[in-house]
Amino acid sequence: MRGSKVIVGVFSYMDDLVRAIRKAKKEGLDYRVFSPMAHPVIEENTMPQASSVRLFTLFGGILGCIGGFALAIWCSLDWPLRVSAKAIVSVPAFVVIGYECTILISALATFLGILHFCRLPDILRKVGYDPRFTDDKFGIAVGAEDGKEEAISKILSECGADEVEVREGL
Amino acid sequence: MSETHGDIGLKEGVTYSRVNDLVLNMLKPPTFGWYCLFFLAISAVCWGAASFTRQVLDGMQRAGINQPIAWGVYITNFVFWVGIAHSGTLISAILFLFRAKFRMPIYRLAEAMTVFAVLTAGLFPLIHVGRPWFAYWLLPYPNERALWPNFRSPLLWDVFAVSTYLTVSATFFYVGLIPDIAAARDKAKTFFRKLLYSITSLGWTGNHSQWKHYMSAYLFFAGLATPLVVSVHSVVSWDFAMGNVPGWHATIFPPYFVAGAIFSGVAMVLTLIIPLRKVFGLEELITPFHFEGMVKLILLTSGIVTYSYITEFYIAWFSNNPFERYQFWFRPFGDFKLAFWGMVFCNCVAPLTLWIKKLRRNIGYLFAISLVINVGMWLERFNIIFTSLSREFVPAAWGNYNFSWVETGITVGAFGWFSMFMLLFIKFFPAVAISEIKEIMPPPVREEGALEAH
């Protein structure tokens with residue numbers, strides 16, 4: 001978030017929060033919304049565009065599929081086990097390996113995607129956070145330059161914030 | 001179901017805050033009862049470890065397996081525990097994709113059960129091979145002789161399938177836990193707990209960007225875990241079906257095994273969740289609505305399993321193959337007939353009583369039935385493995401089998417091992433999903449209908 005100060009508004013009601021988000025957007029403020037759970041209304045009003053995590057999943061899957069088949073094929077050619085007249089590279093049998101590796105690498109890549117896009121781990125730095133946001137309160141933290149905190153606090157209060165706090169530094 | 005909250009099955013009056021209190025209350029210091037159970041679990045683990053040590057010192061003759069029954073209780077236990085592991089991913093992933101609301105309060109425990117059951121299942125092939133210190137031979141690792149494993153063997157497929165399943169289900173489980181560990185972190189009182197939850201929640205704050213990417217990723221995880229869960233037990237079934245053994249060599253095995261796995265897994269979820277609900281007072285979160293959902297799954301999968309049993313007999317008769325025909329005569333009337341009829345009673349007959357509303361609404365009865373199904377599913381694996389191996393093609397090579405005390409000890413130890421992890425889990429991490437229950441609850445609003453306008 002931009003600015004030297006953070007103004008945190010704590011809300012009990014989601015409709016108030018949504019009003020505050022819309023107002024902050026309209027004013028062109030730099031904000032961050034906190035909620036105890038995911039909710040489609042918050043999502044629509046904050047980040048309606050699709051998440052790029054899917055690219056991690058896709059590339060992980062492609063890599064896993066190629067890797068799984070390559071492993072099975074290369075190992076079979078490197079140490080050929082000749083049984084009757086069966087093919088050394090037995091694709092139907094290797095489908096299982098390719099399939100499992102696709103899922104394995106894709107899932108691990110998705111996990112990396114979560115870490116990357118959610119900016120995790122970030123244990124110490126919780127700008128604008130309040131422990132009540134994992135309980136029953138919603139929050140919005142707005143970054144502001146010196147002198148603008150009063151106007152922003154007023155906007156949040158007007159939208160129905162239970163309390164508004166101005167914090168130093170980002 | 002008038003006492004519940006709309007169509008989501010929670011009791012009336014439950015709020016976000018109440019969900020936090022109820023779930024995080026489970027993390028309070030353990031009671032005397034918990035210590036007693038933990039002591040029992042650890043004792044069972046010690047018995048299993050002692051038995052395993054005896055087997056390692058003396059060799060495989062300590063186990064009852066022999067020629068022709070080279071796969072015995074260890075493989076039965078392996079298939080049993082992999083089966084138990086399945087419903088966790090079914091409840092968490094497949095029901096997530098179907099948006100089944102009854103999954104919310106039960107899926108975390110089901111996922112924990114999955115991870116710990118796979119950890120238990122994974123022990124058995126290692127115990128069974130006799131020299132577990134060479135278990136790494138199963139993996140394609142570079143070695144001096146450039147010797148690689150046989151990728152055409154179903155046993156190697158199993159190595160890949162089960163290890164993938166363990167990794168993916170553990171990751172999925174952990175990802176689901178992150179927001180709830182953050183909730184536990186924010187309420188933690190002691191330094192140790194605060195530190196533990198701060199590290200394991202990775203600093204989660206629940207901001208809109210995190211939720212957006214998280215939910216998107218969660219959907220992909222569910223999408224990946226769904227084909228995985230179907231593939232893993234199919235691969236386990238191919239351990240048998242790829243072998244030319246009467247009673248094993250059947251194309252029906254994959255769906256039959258997957259249905260059986262879900263059947264036993266849901267029963268195990270009931271076995272775990274019913275006492276937990278009582279002890280921790282979770283009646284407001286886990287209501288008859290959720291039990292109804294699980295009972296429907298049990299009835300469906302019990303029907304599939306019963307149909308598969310009948311099909312096996314029909315195909316044996318229809319094939320006109322004398323070895324198949326004899327095998328399916330031997331199962332109900334041969335040396336292991338008690339196991340067969342026990343299986344039929346536990347898996348086909350007893351679950352039918354759940355069609356009666358009064359019985360399926362009786363929590364005590366459900367608990368009893370869940371135990372009966374667990375026994376039945378163990379017997380099913382026993383039937384498949386033992387009877388087929390004891391009566392293969394050449395009568396001169398027929399044989400029988402008796403448990404040894406080492407196998408009994410290791411089997412009991414596995415239950416202790418699984419229980420030990422479950423007991424530790426419910427005391428250290430939220431065993432019921434906090435944020436996902438809140439997702440299905442109507443959010444608090446100042447003006448009714450205000451959110452619809454958005």
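What you are looking at is a predicted structure, and each value in this text was computed from that prediction instead of being measured.

## Observations concerning the overall build of chain A
Then, number 1: Tallying secondary structure elements over chain A gives 5 helices and 4 strands in all.
Then, number 2: For chain A, the succession of helices and strands along the chain, N to C, is β-α-β-α-α-α-β-α-β.
Then, number 3: The globule rule puts the C-alpha radius of gyration for 170 residues at 15 Å, and the 25 Å found for chain A is more than 25% above it.
Then, number 4: Its C-alpha atoms put chain A at 85 × 30 × 25 Å along the principal axes.
Then, number 5: In chain A, which comprises 170 residues, the proportion classed as buried is 51%.
Then, number 6: Here chain A has roughly 8,200 Å² of accessible surface; of this, 60% comes from carbon and sulfur atoms.
Then, number 7: Between the mean site of the 19 positive side-chain charges and the mean site of the 21 negative ones, chain A shows a separation of 6 Å.

## Description of the packing of helix H4 (residues 91–117) of chain A against helix H7 (residues 208–241) of chain B
The axes of two packed helices give the description: the angle between them and the distance between them.
Then, number 1: Their axes nearest at 10 Å, the elements H4 of chain A and H7 of chain B cross at an angle of 160 degrees. One element, H4 of chain A, and the other, H7 of chain B, form an angle in the roughly antiparallel class. The way H4 of chain A lies across H7 of chain B gives a crossing that is left-handed. Of the residues in H7 of chain B, those touching H4 of chain A at Val96, Tyr99, Glu100, Ile103, Ser106, Ala107, Thr110, Phe111, Ile114 and Phe117 of chain A are Ser209, His213, Ala217, Phe220, Phe221, Leu224, Pro227, Leu228, Ser231, Val232, Val235 and Trp238 of chain B.
Then, number 2: Its residues placed into classes, the contact of H4 of chain A with H7 of chain B shows 16 nonpolar, 5 polar and 1 charged.

## So, the domain arrangement of chain A
Then, number 1: Split into domains, chain A comes out as domain 1 (5–50 + 124–168) and domain 2 (53–117).
Then, number 2: The C-alpha centroid of domain 2 of chain A is placed 45 Å from the C-alpha centroid of domain 1 of chain A.

## A word on the packing of H4 of chain A against helix H5 (residues 154–187) of chain B
Then, number 1: In the contact formed by H4 of chain A and H5 of chain B, the axes pass within 10 Å of each other and the chain directions differ by 20 degrees. Taken together, the axes of H4 of chain A and H5 of chain B lie roughly parallel to each other. Both H4 of chain A and H5 of chain B take part in a crossing whose hand is left-handed. Along its contact with H4 of chain A, which presents Ala93, Val96, Ile97, Glu100, Cys101, Ile103, Leu104, Ala107, Leu108, Phe111 and Ile114 of chain A, the element H5 of chain B presents Trp157, Phe160, Ala161, Thr164, Thr167, Val168, Thr171, Tyr174 and Val175 of chain B.
Then, number 2: For the contact of H4 of chain A with H5 of chain B, a count of residues per class yields 16 nonpolar, 3 polar and 1 charged.

## Focus on the interface of chain B and chain A
Then, number 1: The interface is formed by 63 residues belonging to chain B together with 73 residues belonging to chain A.
Then, number 2: Between chain B and chain A the total buried area reaches about 6,000 Å² when both faces are included, carbon and sulfur atoms providing 69% of it.
Then, number 3: Remark: the boundary between chain B and chain A carries 4 salt bridges.
Then, number 4: Note that arginine 446 of chain B is salt-bridged to aspartate 16 of chain A, the shortest N-O span being 2.7 Å.
Then, number 5: Connecting chain B to chain A are 28 residue pairs in polar contact (both at pLDDT 80 or more).
Then, number 6: Listing elements by their share of the side of chain B that touches chain A, those giving two or more residues are helix H1 (16–24), H5, helix H6 (191–200), H7, helix H15 (434–440) and helix H16 (450–453) of chain B.

## A few points about the packing of aromatic side chains
Residues and elements named next belong to chain B.
Then, number 1: The final tally for this structure, using the stated rule, is 63 aromatic pairs over all chains.
Then, number 2: When the ring of tyrosine 197 is compared with that of phenylalanine 429, the centres are 6.1 Å apart and the planes differ by 70 degrees; the resulting orientation is edge-to-face. Separated by 232 residues along the polypeptide, tyrosine 197 in helix H6 and phenylalanine 429 in the loop between helix H14 (405–428) and H15 bring together distant segments of the chain. Each member of the pair, tyrosine 197 as well as phenylalanine 429, carries the same accessibility label: buried.
Then, number 3: Ring geometry for tyrosine 401 versus phenylalanine 403: centroids 6.1 Å apart, planes at 70 degrees, classification edge-to-face.
Then, number 4: Judged by its relative accessible area of 7%, tyrosine 401 falls in the buried class.
Then, number 5: For phenylalanine 403, a relative accessible area of 42% corresponds to the partly exposed category.
Then, number 6: Directly above the aromatic system of phenylalanine 96 lies the positively charged group of arginine 99, at a separation of 5.0 Å from the ring centroid.

## A short note on the sheet that holds strand S2 (residues 30–34) of chain A
Residues and elements named next belong to chain A.
Then, number 1: The strand order across the open sheet formed by 4 strands is S2-S3-S1-S4, and the pairing between neighbours is antiparallel. One side of each edge strand has no neighbouring strand; the edge strands of this open sheet are S2 and strand S4 (163–168). Taken pair by pair, the neighbouring strands of this sheet meet at an average axis angle of 20 degrees, ignoring direction.
Then, number 2: Bridge count for strand S1 (residues 5–11) against S4 is 6 bridges, and the pairing is antiparallel. What sits directly across from lysine 5, in S4, is glutamate 168.

## Quick look at the environment of aspartate 78 of chain A
Then, number 1: By the secondary structure assignment, aspartate 78 of chain A is in helix H3 (residues 53–78).
Then, number 2: According to the relative accessible area criterion, aspartate 78 of chain A is partly exposed, its value standing at 34%.
Then, number 3: Ignoring sequence-local partners within four residues, the contact set of aspartate 78 of chain A consists of Ala146 and Trp148 of chain B.

## Here's the deal with H3 of chain A
Then, number 1: Its 26 residues place the ends of H3 of chain A 37 Å apart at the C-alpha level, agreeing with the 38 Å of an ideal helix rising 1.5 Å per residue.
Then, number 2: The complete set of buried residues in H3 of chain A reads Val53, Thr57, Gly60, Gly61, Gly64, Gly68, Ala72, Cys75 and Ser76 of chain A.

## Describing the confidence of the model for chain A
Then, number 1: Averaged over chain A, the pLDDT score is 93; the fraction of residues at 70 or greater is 99%.
Then, number 2: Of all the helices and strands in chain A, S4 of chain A carries the lowest mean pLDDT, 92, while H4 of chain A carries the highest, 97.

## Let's talk about a nonpolar patch on the surface
All names here are of chain A.
Then, number 1: A cluster of nonpolar side chains, Leu55, Leu58, Phe59, Ile62 and Ile66, forms an exposed patch at the surface whose accessible area comes to about 500 Å².
Then, number 2: Along the chain, leucine 55 falls in helix H3.
Then, number 3: Judged by its relative accessible area of 42%, leucine 55 is partly exposed.

## Some remarks on the pattern of salt bridges
Residue and element names in this part refer to chain B.
Then, number 1: All chains considered together, the criterion is met by 25 salt bridges over all chains.
Then, number 2: In this structure, the salt-bridge partner of aspartate 58 is arginine 54, at a minimum N-O distance of 3.1 Å. Residue aspartate 58 and its partner arginine 54 are both found in helix H2 (residues 32–58); the two are separated by 4 residues, about one turn of the helix.
Then, number 3: Glutamate 380 serves as the salt-bridge partner of arginine 381, at 3.8 Å between the closest nitrogen and oxygen.
Then, number 4: In this structure arginine 381 comes out as buried when scored by relative accessible area, which is 2%.

## Examining the nonpolar core
Then, number 1: Judged by nonpolar contacts, the single largest core of 198 residues is most densely connected at Ile140 of chain A together with Trp81, Phe240, Leu285, Met294, Phe425 and Ile426 of chain B.
Then, number 2: Tallying contributions element by element places H5 of chain B first for this core, with 17 residues.
Then, number 3: If you look at the next biggest cluster of nonpolar residues, it comprises 8 residues, including Val8, Val10, Tyr129 and Ala141 of chain A.

## Digging into the side chain of arginine 381 of chain B
Then, number 1: With respect to the helices, strands and loops of the structure, arginine 381 of chain B is situated in helix H13 (residues 363–390).
Then, number 2: If we ignore the near neighbours within four places in the chain, the residues touching arginine 381 of chain B are Thr76, Val79, Phe80, Gly83, His233, Gly260, Ala261 and Ser264 of chain B.

Rules of the game
- Residues numbered from 1 in each chain as written.
- Chains lettered and ligands numbered in written order.
- Predicted model: local features only at pLDDT ≥ 70, side-chain atom pairs only at ≥ 80, totals over all residues.
- Heavy atoms only, no water.
- Helix = DSSP H or I, 4+ residues; strand = E, 2+ residues; numbered from the N terminus.
- Rg over C-alpha atoms; globule rule 2.2 N^0.38 Å.
- Buried < 20%, exposed > 50% of the residue type's maximum accessible area, 1.4 Å probe, protein only.
- Areas by Shrake-Rupley, 256 points an atom, 1.4 Å probe, with all protein chains shown as cover.
- Lys, Arg positive; Asp, Glu negative; His and termini not counted.
- Charge placed at Lys NZ, Arg CZ, Asp CG, Glu CD.
- Axes fitted to C-alpha atoms, helices over the stretch in contact; angles between N-to-C directions.
- Parallel < 35°, antiparallel > 145°, perpendicular 65-115°, else oblique.
- Left-handed = near helix turned anticlockwise from the far one by under 90°.
- Contact = heavy atoms within 4.5 Å.
- Nonpolar A, V, L, I, M, F, W, Y, C, P; charged D, E, K, R; others polar.
- Domains from an automatic or database assignment.
- Buried area = accessible area lost by both parts, 1.4 Å probe.
- Salt bridge = Lys/Arg side-chain N within 4 Å of Asp/Glu carboxyl O.
- Polar contact = N/O pair within 3.5 Å; in protein donor to acceptor, adjacent residues only side chain to side chain.
- Phe/Tyr/Trp six-rings, centres within 6.5 Å; stacked < 30°, edge-to-face > 60°.
- Lys NZ or Arg CZ within 6 Å of the ring centre and 35° of its normal.
- Pairing = 2+ DSSP bridges.
- Expected span 1.5 Å × (residues − 1).
- pLDDT = per-residue confidence, 0-100.
- Patch = residues over 30% accessible without salt bridge, like charges linked within 9 Å, V, L, I, M, F, W, Y side chains within 5 Å.
- Core = buried A, V, L, I, M, F, W, Y, C linked by side-chain atoms within 4.5 Å.

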